[in-house]
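Close look at the chain arrangement
Residues per chain are reported as follows:
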Amino acid sequence: MDAAISQDELQLAARNHGLPLEALRYPITPAGLHYLLIHYDIPDVDADRWALSVDGRVAKPLTLTLADLCNRPSHEVTATMECAGNGRALLAPHVVSQPWLLEAVGNANWTGVSLRLILEEAELLDDAMEVVFTGLDRGFEKGVEQTYQRSLELDVALADDVLLAYEMNGAALLPQHGFPLRLVVPGWYGMTNVKWLAGITVVAEPFRGYQHTAAYRYRDDEEDEGTPVTRMQPRALMVPPGIPDFNTRERTVPPGPCVLEGRAWSGWAPVARVEVSTDGGKTWADGLLEPLDSRWGWRGWRYEWTADDPGEYVLSCRAHDEAGNVQPQEATWNVGGYSNNAPQRVLVTVQEPGYHQGAPE
Ligand SMILES: Nc1nc2c(c(=O)[nH]1)N[C@H]1C(S)=C(S)[C@@H](COP(=O)(O)O)O[C@H]1N2
Ligand SMILES: [Mo]
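Here goes a summary of the coordinates provided.

Concerning the side chain of His320
Here His320 lies in strand 21 (residues 311–321). A polar contact of 2.6 Å, which involves the side chain of His320, links it to the side chain of Glu275. Not counting residues up to four positions away in its chain, the partners in contact with His320 are Val271, Ala272, Arg273, Glu275, Asn325 and Val326.

See the structure below:
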């Protein structure tokens, strides 16, 4: 596999950090450990001068300050967010973009105002078809200068739990996560959740912006028009057990019982089952699921492995959802490198019995 990444990709990777996989342990990801993806620069926003405009195909256009939003009934949702490019760097042939391995995910508690409430207040006109969300950040992609924009079809925009969020985990949004306001669309891949939100425009025709027509499509080749990337495919991840090697991150565990634990999610339906393999995917056994305490948050799972025989192992896990979606052994390659949800593989060495570390006792 050609795994070489360029300086440009390294630059992206250094700006956009992932969730350290051991942080899967926290049911709610502390804000500083949540993954981050910023296409351009973090805009410099003066909250006192900032306002959200709601216009287009509405009877009553609105201009709302942060105080106006905070004074409306608040709504909270716990939601797992994952970048559509998660798993990209594990694809072959290599796809040039943000080189995520598996760590582009987080689970946060978002507080804000229901988008439906604001759209009802603005009174949608009969020909309203989509809602376009415009951020404050601007840049170039493949030569096209643009402001970050994404749209939602009306039925998605009006669904329960779609939020204009001003808090993450009980605190004002951090600059990197979209201060002062972002869209949160539970179940959808990360790109949907427009940060530094400044404008909501209701339109009467399908939105044709760059992030819908050029990016975020499943395309077999450059000529393929493709289909849009929407909800998150199922995925389970495990906290890598034992201790890592500094360079390779391969793991070492002592022989004996070893509890494997992790989280699983799907944007299509609740997680129904997580399976674990300790032989590189040849055989699978069911893990135990934690109670489902939120529809849109990830679900905890654990598996009691007995690592009796010293040697090398490849641990894997895979999720099924209630709609029958399951992680494939190998995901389908696509031009953008989206949704590679092939199962995680964790290389582990089980030590000989009686082996003692060289550290002083
Ligand atoms: N305005 C704006 N919104 C954005 C982005 C962006 O670059 N600009 N990145 C999107 C992408 S691709 C992802 S994966 C998520 C990441 O959200 P986070 O950084 O809060 O985890 O934000 C989305 N919203
Ligand atoms: Mo993303």
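That shown, we press on.
Focus on the packing of aromatic side chains
Inspection of the entire model under this criterion finds four aromatic pairs. Arranged with centres 5.9 Å apart and planes meeting at 80°, the rings of Tyr35 and Trp100 form a pair that is edge-to-face. Of the two residues, Tyr35 sits in the loop between helix 1 (7–15) and strand 1 (52–56) while Trp100 sits in the loop between strand 3 (75–82) and strand 4 (105–114), which places them 65 residues apart along the sequence. Assessed through its relative accessible area of 5%, Tyr35 is described here as buried. Where Trp265 meets Trp298, the ring centres are 6.2 Å apart and the plane angle is 45°; that geometry is what we call tilted. Pair noted here: Trp265 is in strand 16 (residues 256–265) and Trp298 is in the loop between strand 19 (288–289) and strand 20 (299–307), with a separation of 33 residues, a long-range link.

Some details on the pattern of salt bridges
Counted under the stated rule, the structure contains 13 salt bridges. The closest approach of N and O atoms between Glu145 and Arg138, which form a salt bridge, is 3.0 Å. Here Arg273 ties to Glu275 by a salt bridge, and the two come within 3.2 Å at their closest N and O atoms. A relative accessible area of 34% places Arg273 in the partly exposed class. What makes Glu275 buried here is its relative accessible area of 6%.

The rules we used
Residues numbered from 1 in each chain as written. Chains lettered and ligands numbered in written order. Predicted model: local features only at pLDDT ≥ 70, side-chain atom pairs only at ≥ 80, totals over all residues. Heavy atoms only, no water. Helix = DSSP H or I, 4+ residues; strand = E, 2+ residues; numbered from the N terminus. Polar contact = N/O pair within 3.5 Å; in protein donor to acceptor, adjacent residues only side chain to side chain. Contact = heavy atoms within 4.5 Å. Phe/Tyr/Trp six-rings, centres within 6.5 Å; stacked < 30°, edge-to-face > 60°. Buried < 20%, exposed > 50% of the residue type's maximum accessible area, 1.4 Å probe, protein only. Salt bridge = Lys/Arg side-chain N within 4 Å of Asp/Glu carboxyl O.

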